[in-house]
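Each chain, letter by letter, is given below.
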Amino acid sequence: MKKNNNVPLTTVTRDLDKFSADTGNLYESVVIMSKRANQIASEMKSDLEQKLQEFSTYTDTMEDFTENQEQIEISKYYEKLPKPVLVAAKEFEEDKVYFRNPLDKVDNEEEQ
């Protein structure tokens, strides 16, 4: 997962008119951003699990699960990353999110 340096780590006041400019509907824009945030969260979780898997040593019980300093540092790094919803909102603002509405195609076909 690449670190997004220009994404704020906290919530930011945003102009809602900008969010609805591309879609014409604020709620549609929120759905697009939420789906993108879910994708980002899934990617981050997968990356974290892969990195932590290298350190895992399973024993007979879960209480015997051992930790090491490298594993803790990796976890701290991921905790400091911007939240997926903030990354998704920034990508949407910068027109870096590809989206399409499947209903638009249906509407266009019915008009013809």
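Residues numbered from 1 in each chain as written. Predicted model: local features only at pLDDT ≥ 70, side-chain atom pairs only at ≥ 80, totals over all residues. Heavy atoms only, no water.

A.B. asks: Looking at this model, I keep getting lost on the overall build of the protein. Mind explaining?
C.D. replies: Counting its regular elements, the protein contains five helices and zero strands. Considering the protein as a whole, with its 112 residues, one finds that 26% of them fall into the buried category. Restricting to contacts in the protein with at least 6 residues of sequence separation, those with at least 24 account for 70%. With an accessible surface of roughly 8,700 Å², the protein has 50% of that area assigned to carbon and sulfur atoms. (Helix = DSSP H or I, 4+ residues; strand = E, 2+ residues; numbered from the N terminus. Buried < 20%, exposed > 50% of the residue type's maximum accessible area, 1.4 Å probe, protein only. Contact = heavy atoms within 4.5 Å. Areas by Shrake-Rupley, 256 points an atom, 1.4 Å probe, with all protein chains shown as cover.)

A.B. asks: Sorry if this is basic, but what is going on with the packing of helix α2 (residues 26–53) against helix α4 (residues 84–93) here?
C.D. replies: How two helices sit against one another is set out by the angle between their axes and by the gap between those axes. The contact between α2 and α4 brings their axes to 8 Å, and the two run at 125°. One finds that α2 runs oblique with respect to α4. Taken as a pair, α2 and α4 cross one another with a handedness that is right-handed. Contact residues: α2 offers Ser29, Ile32, Met33, Arg36, Ala37, Ile40, Ala41 and Met44, while α4 offers Pro84, Val85, Val87, Ala88, Ala89, Glu91 and Phe92. Classifying every residue of the contact of α2 with α4 gives 12 nonpolar, one polar and two charged. (Axes fitted to C-alpha atoms, helices over the stretch in contact; angles between N-to-C directions. Parallel < 35°, antiparallel > 145°, perpendicular 65-115°, else oblique. Left-handed = near helix turned anticlockwise from the far one by under 90°. Nonpolar A, V, L, I, M, F, W, Y, C, P; charged D, E, K, R; others polar.)

A.B. asks: I would appreciate a short explanation of the pattern of salt bridges in the present structure.
C.D. replies: Any two side chains of opposite charge can pair if their charged atoms end up close together. Counted according to the given criterion, the structure contains five salt bridges. Its salt-bridge partner being Glu94, residue Lys96 comes within 3.0 Å of it at the nearest N-O pair. By relative accessible area, Lys96 is classed as exposed at 58%. Through salt bridges with shared partners, a single ionic network connects Arg36, Glu43 and Glu91. (Salt bridge = Lys/Arg side-chain N within 4 Å of Asp/Glu carboxyl O.)

A.B. asks: Got a minute to help me understand helix α3 (residues 69–80) in this structure?
C.D. replies: Since the α-helix advances by 3.6 residues per turn, residues separated by three or four positions end up pointing in the same direction. Spanning 12 residues, α3 covers 17 Å between terminal C-alpha atoms, matching the ideal 16 Å at 1.5 Å per step. Along α3, the positions that sit buried rather than exposed are Gln71, Ile74 and Tyr78. One side of α3 holds all its buried residues, which, seen down the axis, span an arc of 65°. Exposed and facing more than 90 degrees away from the buried side of α3 are Gln69, Glu79 and Lys80. Structurally, α3 contributes buried residues whose contacts are with α2. (Expected span 1.5 Å × (residues − 1). Arc of directions from axis to C-beta.)

A.B. asks: What should I look at first to understand the packing of aromatic side chains in this one?
C.D. replies: Taken as a whole and judged by the stated rule, the model has three aromatic pairs. Ring centres 5.4 Å apart and planes at 90° place the aromatic pair Tyr77 and Tyr78 in the edge-to-face group. With a relative accessible area of 34%, Tyr77 lands in the partly exposed category. Taking the relative accessible area as the measure of exposure, Tyr78 reaches 9% and is therefore buried. (Phe/Tyr/Trp six-rings, centres within 6.5 Å; stacked < 30°, edge-to-face > 60°.)

A.B. asks: When you look at the nonpolar core in this model, what are you seeing that I'm missing?
C.D. replies: Across soluble globular proteins, you tend to see nonpolar side chains buried next to one another. Counting 12 residues, the largest nonpolar core consists of Val7, Ala37, Ile40, Met44, Leu52, Phe55, Ile74, Tyr78, Leu81, Leu86, Val87 and Ala88. Within the residue set of this core, elements represented by two or more residues are α2, α3 and α4. If one sorts the elements of this core by residue count, α2 sits on top with four residues. The contact partners of Ala88, leaving out residues within four places of it in the chain, are Met33, Arg36, Ala37, Ile40 and Val97. Judged by nonpolar contacts, the second largest core, of six residues, contains Phe19, Ile32, Met33 and Ala89. (Core = buried A, V, L, I, M, F, W, Y, C linked by side-chain atoms within 4.5 Å.)

This is a description of form; function is not addressed.
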